[in-house]
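Fold and geometry: a report
What follows is each chain in one-letter form.
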4 protein chains.
Amino acid sequence: MQPLKLRGIIPPMITPLKGNDELDREGAIRLTEHILAGGVHALFLLGTTGEAQSLTYELRYEFVELVCRQVAGRVPILVGVTDTSLDESVRMAAHAAKCGAAGVVAAAPYYFAPSQQELVEYYTALADALPLPLYLYNMPSHVKVFLEPATVKTLADHPNIVGLKDSSANMNYFQTLIYHLGERDDFSLYVGPEELTGESVLLGADGGVNGGANIFPELYVAMYDAAASHDVARVRELQRRIMRISTTIYTVGKYGSSYLKGVKCALSLLGICDDYLSYPYRRFRAEERARIREALEVLGADCKE
Amino acid sequence: MQPLKLRGIIPPMITPLKGNDELDREGAIRLTEHILAGGVHALFLLGTTGEAQSLTYELRYEFVELVCRQVAGRVPILVGVTDTSLDESVRMAAHAAKCGAAGVVAAAPYYFAPSQQELVEYYTALADALPLPLYLYNMPSHVKVFLEPATVKTLADHPNIVGLKDSSANMNYFQTLIYHLGERDDFSLYVGPEELTGESVLLGADGGVNGGANIFPELYVAMYDAAASHDVARVRELQRRIMRISTTIYTVGKYGSSYLKGVKCALSLLGICDDYLSYPYRRFRAEERARIREALEVLGADCKE
Amino acid sequence: MQPLKLRGIIPPMITPLKGNDELDREGAIRLTEHILAGGVHALFLLGTTGEAQSLTYELRYEFVELVCRQVAGRVPILVGVTDTSLDESVRMAAHAAKCGAAGVVAAAPYYFAPSQQELVEYYTALADALPLPLYLYNMPSHVKVFLEPATVKTLADHPNIVGLKDSSANMNYFQTLIYHLGERDDFSLYVGPEELTGESVLLGADGGVNGGANIFPELYVAMYDAAASHDVARVRELQRRIMRISTTIYTVGKYGSSYLKGVKCALSLLGICDDYLSYPYRRFRAEERARIREALEVLGADCKE
Amino acid sequence: MQPLKLRGIIPPMITPLKGNDELDREGAIRLTEHILAGGVHALFLLGTTGEAQSLTYELRYEFVELVCRQVAGRVPILVGVTDTSLDESVRMAAHAAKCGAAGVVAAAPYYFAPSQQELVEYYTALADALPLPLYLYNMPSHVKVFLEPATVKTLADHPNIVGLKDSSANMNYFQTLIYHLGERDDFSLYVGPEELTGESVLLGADGGVNGGANIFPELYVAMYDAAASHDVARVRELQRRIMRISTTIYTVGKYGSSYLKGVKCALSLLGICDDYLSYPYRRFRAEERARIREALEVLGADCKE
């Protein structure tokens, strides 16, 4: 199988829900079209933003099938297979392959905190067993361990491991990866936090997996283009807009989940999909919803509800 | 349904495996009988020591069925249903109920780190949906959050929440729970780390969920009896034996997983079951195995292999 | 010099202040007499509860001199010399020796987080240079590192290192120390959190360095006596009283500093000394003070203000 | 007093030592001249890289006096006054002012972990009492707390608080500060980790406080100039050189202190000053020293020893 060198914006799609185990199918279709209309370069399903860990496997399978059919090859689709059970990850990947996905993404197993040596063994066994190329996913705040640079360097030599998404926000870490792996044609480096896409791409990253692209896909595509063409003045102008989103829509309430609640609430206000959140999270109530509406209006978005 | 007030030693059974997705069925039967022969008061399947998170659901279902059939009502069985998806937890509990389990145990969802308010909502929804009484499981090193005393006090008023197992090793925390809840007839408090069973029961806890009882069940039963009868001299004598296990069998290598590897290796040396560990862990190799053998011999155990 | 084998209650004395760099000398004298009247076995000045790190060295020197003169040999006095500069620790210890202190206490240097090997080298150099016996102080929440059991075992062989106070509340850790060092005549083990004095002494510790003994010294002495004589029923009865203090006086407000604010406020209400706290802390205001008064009254204490 | 709007490279100078309480005075003079020859814009004494916390106050006073006299006004000098005692910080600042320093720098008090409200009160009291402008210093890995953006925004309105140095490496945090404060003429933002100076200045930061500028001052000045003039190609070229230093000289051994040991060892090999480290650290031994020499030679530096 042929490694992907994807470049650009790969939105980590939220999973539109009507209930804890019920997909918002119409919402998912509208959201897919909304995102694709923004010119994004790929899609990433069932990541942290997609609440994958909170969903049943049946629902995850249904969602992958639905979105793959809707996209119909217009952009590559990556599917999150992060699990604490290696065999469940492989099973999820088989389903993704069958639906037409182009690759899968896996954070470290997140119950036990593995050592770096255990991570090398785990990811090697996983990549050996997968039917699709694998992107590593560094998410220390959720899985308790970093994929240390030496570990990533070792794993990057596996023929079926083709890239890494870093959501640590630790740019010392990410710069170390760029230094070691940034010039390889067969390995891609993406940054998670959208606040860092500009500087990351300016310094050599391949793109951003940015949650805000669920709401404003064209903004993040514009940022990628500006940074990839070294237009610093434009990057700084777009950065202010991205930071306005970050410091308003993602910070209502004092929840660890404010970002996710804000994105789903905004999409609901824009008439795109339901804002149900699966446990342990609950959607915003009226007062918080009013603050998201206000933030959207300041940003010039057109609220439908 | 009638709440359980279990007292005593409830071993968190390891899950005997032959491969990453293959149960060691004969080993599981031998281990069940070995543990029951030690006079334990109940069994706990699919906890942290049971590697539950690393196993496929099919294997977990098979294991619960096998052990429940083997035990055949001789002691109550608790089943771990910890998951990041509430609906998968409920499904697992339904299976446990069908197999004849007496209760279920759930740590907090462990990918996202929920707030205390979210924990109250999550556990309330879970307890409402479960067909069996629920024991809370405080495991902050793995799930990143404490079930704070105020949260536990609130949840303890739910009619279907009947106890808590604490694996934090933070005795300030556990003493606070004993102070608030220790005298209730409808709520039980167990301590996870076996190094703390003596002092916990002396001070009012209801028992221990101690991994060493996979190997030496009668030792932990003796400790429970000594502490429950306030025999301090005997507690201190047994404590030295428990600490000898803790400081030898559980600390070979410098792994976060040394405890689990040690327990499985010891059971293999005693001829009880295979020592395969599911990913991300690997079993001990020859040199480490030799050190476990030596520790067992010093403890007077009879190695078969 | 001859090692101390102190047993019993060693209150970590608060430092009575009138301002950020002004000692409450009359309060310090009253507090000393109040504590000694409770039958405590020693005194510990300038620990965490003594706000040592927040005070100028001049004030610390003055305080040690004042209390040593007031105690006049009635009980041994230990002095905290914790610093990030080894030479400042030695200087403080020289002053303590001159004033007649019996030993010094040092947590790890707390700006850089040292490795275990660096801790061995640091404490060895410190103990070599000190004019008084040294007690180690395990305080991981403040200094970011544990003094691991292997490190403590190594240091315990230094002729001038004579004991350890553990404030981690991690009883797995403390039981490991008791197992390795509890039977040595030349090394003492004390527990910091007063909620754990009962069980610690029952299981073999030498005493408690309990902050509540500033307020109710006789209670903690009674707990020590009950535990040292293996009177479990009495331990459990006293434990309830200690937990009532812990869950009321130490938990007003949601500060990390609630414990310290509560102790100082209580002493002020009892007419013993001023409740000024040095930066970064501020004393309780009227509403919180009213809650402390209420808690004291429930406990039967006689508020003067 | 008039706020400073410093821009550029402000090396956090190491403190050359001959022993734990003995300054390497000749080394300090040579190092000062070496750094100034690189065209830096200011100097920062007694920060983390300067081992301030490990030094006696007498030695710190002597060092400030020596360097201020040597610099003789050629560049502004900032002096670290971080302490756990507010009054000791003020005393240090008075000395710095007397010696001719232009400003002082203070991380949060680092024994107790203060709340954000306590940080506001602490820094306000400190800034009120200081004779020189104050730069905040965000150093969460050492002081255990972040100066959260809302806290910084509040403090930035104090007339005597004129900037912030961030050593968190969390660029989400730093971008939030740039968004809120980056356009103010009376507040400066500097980044600590030199791996991030390029992207930080490209996105709007005012400069870097980069430890590598002790060794190669002209390299970091070149990076600042390239980034300030938006020359992305040049930034990426210089970034590779900076990362080569970071991944070789700063990572010999597996110490938390590898960076500091590496910088001091390199300066010793270049014949500039002694490489003694104060406790709890020890200098590199022969084998590690050989690896630093090799790294320096690959970088084209001319080792004298």
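As a reminder, the structure under discussion sits directly above these lines.
First, a word on scope: everything that follows refers to the structure included in this document. Treat the numbers as computed from the prediction; the structure is a model and nothing was measured.

Re the interface of chain A and chain B
In this assembly, 41 residues from chain A lie in contact with 40 residues from chain B. Regarding the contact of chain A and chain B, the summed buried area is about 3500 Å², with carbon and sulfur atoms giving 57% of it. Taken as a group, Tyr111(A), Phe112(A) and Pro280(A) account for 23% of the area that chain A buries against chain B, more than any other trio of residues on that side. Linking chain A to chain B there are 6 salt bridges. Linking chain A to chain B there are 18 residue pairs in polar contact (both at pLDDT 80 or more). Looking at the side of chain A that touches chain B, the elements with two or more residues in it are helix H2 (57–71), helix H3 (86–99), helix H4 (116–129), helix H5 (140–143) and helix H11 (258–269) of chain A. Taken together, the residues of the side of chain A that touches chain B sort by class into 19 nonpolar, 10 polar and 12 charged.

Digging into the relation of the copies chain A and chain B
Superposing chain A onto chain B takes a rotation of 180 degrees combined with a translation of 0.0 Å along the rotation axis, leaving an RMSD of 0.0 Å. Such a combination of turn and shift is consistent with a two-fold rotation axis. Comparing contact sets, 98% of the residues at the interface of chain A also lie at the interface in chain B, consistent with an isologous, same-surface contact.

Digging into the interface of chain D and chain A
The partner chain A presents 27 residues to the 27 residues of chain D that form the contact. Of the roughly 2600 Å² buried between chain D and chain A on both sides combined, carbon and sulfur atoms contribute 57%. By the criterion of area lost to chain A, the three top residues of chain D are Tyr179(D), Leu203(D) and Arg240(D), representing 25% of everything that side buries. Applying the counting rule to chain D against chain A returns 2 salt bridges. Put simply, Arg240(A) and Glu183(D) hold a salt bridge, and the shortest N to O gap is 3.4 Å. At the boundary of chain D with chain A, the tally comes to 12 residue pairs in polar contact (both at pLDDT 80 or more). Only helix H7 (171–181), helix H8 (197–202) and helix H10 (232–248) of chain D provide two or more residues apiece to the side of chain D that touches chain A. Here the element with the most residues in the side of chain D that touches chain A is H10(D); it accounts for 9 residues. Taken together, the residues of the side of chain D that touches chain A break down into 12 nonpolar, 9 polar and 6 charged.

Remarks on the pattern of salt bridges
Taken as a whole and assessed by the stated rule, the structure comprises 64 salt bridges over all chains. Put simply, Glu65(A) and Arg69(A) hold a salt bridge, and the shortest N to O gap is 3.6 Å. Here Glu65(A) pairs with Arg69(A), and both are found in helix H2, just 4 residues apart, close to one helical turn. Residue Arg7(D) pairs with Asp206(D) through a salt bridge whose shortest N-O separation is 3.4 Å. Taken as a pair, Arg7(D) in the segment before strand S1 (8–9) and Asp206(D) in the loop between H8 and strand S10 (207–208) lie far apart in primary sequence, 199 residues in all. Classification of Arg7(D) as partly exposed rests on a relative accessible area of 43%. The class for Asp206(D) is buried, based on a relative accessible area of 5%. A single salt-bridge network, built from bridges that share partners, covers Asp274(A), Asp275(A), Arg283(A) and Arg289(A).

A short note on the arrangement of the chains
One finds no contact linking chain A with chain C; the least C-alpha distance across the pair is 16 Å. Between chain B and chain D there is no contact, and the shortest C-alpha to C-alpha separation is 16 Å.

Notes on H11(A)
For H11(A), with 12 residues, the first-to-last C-alpha span of 16 Å sits near the 16 Å given by 1.5 Å per residue. Counting buried positions over the 12 residues of H11(A) gives 11, a clear majority of the element. Residues of H11(A) that are buried: Ser258(A), Leu260(A), Lys261(A), Gly262(A), Val263(A), Lys264(A), Cys265(A), Ala266(A), Leu267(A), Ser268(A) and Leu269(A). Of the surrounding elements, those touching the buried residues of H11(A) are strand S2 (17–19), helix H1 (25–36) and helix H12 (286–298) of chain A together with helix H4 (116–129) of chain B.

Observations regarding the sheet that holds strand S9 (residues 188–191) of chain D
What holds strands together in a sheet is hydrogen bonding between their backbones, with the strands either parallel or antiparallel. Residue and element names in this part refer to chain D. Ordered by their spatial adjacency, 8 strands build an open sheet running S1-S10-S9-S8-S7-S6-S5-S4, and the pairing between neighbours is parallel. At either end of the open sheet lies a strand with only one pairing partner, and these are S1 and strand S4 (43–45). Pairing between S4 and strand S5 (residues 77–80): 3 bridges, direction parallel. Of the residues in S5, the one forming a bridge with Phe44 is Leu78.

Some points on the environment of Cys99(C)
Residue and element names in this part refer to chain C. Mapped onto the elements of the fold, Cys99 is located in helix H3 (residues 86–99). The class of Cys99 is buried, set by a relative accessible area of 19%. Spatially, the C-alpha atom of Cys99 lies 19 Å from that of Pro11, the residues being 88 residues apart in sequence. Aside from chain neighbours lying at most four places away, what touches Cys99 is Val64, Glu65 and Cys68.

Observations regarding helix H7 (residues 171–181) of chain B
Residues and elements named next belong to chain B. With 9 of 11 residues buried, H7 lies mostly within the body of the structure. Every buried residue of H7 is accounted for by Met171, Tyr173, Phe174, Gln175, Thr176, Leu177, Ile178, Tyr179 and Leu181. N-cap assignment for H7: the residue whose side-chain oxygen lies 3.0 Å from the backbone N of Asn172 is Asn170.

Concerning unusual backbone geometry
All names here are of chain B. Cis peptide bonds are those with omega within 30 degrees of zero, and the linkage from Tyr279 to Pro280 qualifies with 10 degrees. Position of Pro280 among the secondary structure elements: in the loop between helix H11 (258–269) and helix H12 (286–298). The phi dihedral of Ala72 is positive, around 50 degrees, even though this residue is not glycine. Of note, Ala72 is situated in the loop between helix H2 (57–71) and strand S5 (77–80). For Ala72, a relative accessible area of 61% puts it in the exposed group.

Describing the state of the cysteines
This model, assessed by the stated rule, comprises 0 disulfides over all chains. The closest cysteine sulfur to the non-disulfide-bonded Cys99(A) is located on Cys68(A), 5.2 Å from its own sulfur.

Comments concerning the sheet that holds S5(B)
All names here are of chain B. Strand order in this open sheet of 8 strands is S1-S10-S9-S8-S7-S6-S5-S4, and the pairing throughout is parallel. One side of each edge strand has no neighbouring strand; the edge strands of this open sheet are strand S1 (8–9) and strand S4 (43–45). Note: S1 against strand S10 (residues 207–208), 2 bridges, orientation parallel. Looking at the pairing, Ile9 lines up with Gly208 of S10. Where H2 meets the sheet, its contacts fall on S4 and S5, and the angle it forms with S4 comes to roughly 165 degrees.

Topic: the packing of aromatic side chains
Within this structure, the stated rule accounts for 38 aromatic pairs over all chains. Centre to centre, the rings of Phe146(B) and Tyr173(B) are 5.0 Å apart; their planes meet at 65 degrees, and the pair counts as edge-to-face. Taken as a pair, Phe146(B) in the loop between helix H5 (140–143) and helix H6 (149–155) and Tyr173(B) in helix H7 lie far apart in primary sequence, 27 residues in all. You can call Phe146(B) partly exposed: its relative accessible area is 30%. Classification of Tyr173(B) by relative accessible area gives buried; the value is 6%. Site record: aromatic cluster; members linked through ring pairs are Tyr110(A), Tyr111(A), Phe112(A), Tyr281(A), Tyr110(B), Tyr111(B), Phe112(B) and Tyr281(B). One cation-aromatic arrangement involves Arg60(C) over Tyr57(C); the distance from NZ or CZ to the ring centre is 4.0 Å.

Comments concerning the packing of H3(A) against H4(A)
Residues and elements named next belong to chain A. At a closest axis distance of 10 Å, the pairing of H3 and H4 adopts a crossing angle of 30 degrees. Classified by the angle between their axes, H3 and H4 sit roughly parallel to one another. Handedness of the H3/H4 crossing: right-handed. Mapping the contact onto sequence places Leu86, Ser89 and Val90 in H3 and Tyr122, Ala125, Leu126 and Ala129 in H4. Looking at the contact of H3 with H4, its residues break down into 6 nonpolar, 1 polar and no charged.

Parameters and conventions
Residues numbered from 1 in each chain as written. Chains lettered and ligands numbered in written order. Predicted model: local features only at pLDDT ≥ 70, side-chain atom pairs only at ≥ 80, totals over all residues. Heavy atoms only, no water. Contact = heavy atoms within 4.5 Å. Buried area = accessible area lost by both parts, 1.4 Å probe. Salt bridge = Lys/Arg side-chain N within 4 Å of Asp/Glu carboxyl O. Polar contact = N/O pair within 3.5 Å; in protein donor to acceptor, adjacent residues only side chain to side chain. Helix = DSSP H or I, 4+ residues; strand = E, 2+ residues; numbered from the N terminus. Nonpolar A, V, L, I, M, F, W, Y, C, P; charged D, E, K, R; others polar. Least-squares fit on C-alpha atoms with pLDDT ≥ 70 in both. Buried < 20%, exposed > 50% of the residue type's maximum accessible area, 1.4 Å probe, protein only. Expected span 1.5 Å × (residues − 1). Pairing = 2+ DSSP bridges. Disulfide = S-S within 2.5 Å. Axes fitted to C-alpha atoms, helices over the stretch in contact; angles between N-to-C directions. Phe/Tyr/Trp six-rings, centres within 6.5 Å; stacked < 30°, edge-to-face > 60°. Lys NZ or Arg CZ within 6 Å of the ring centre and 35° of its normal. Parallel < 35°, antiparallel > 145°, perpendicular 65-115°, else oblique. Left-handed = near helix turned anticlockwise from the far one by under 90°.

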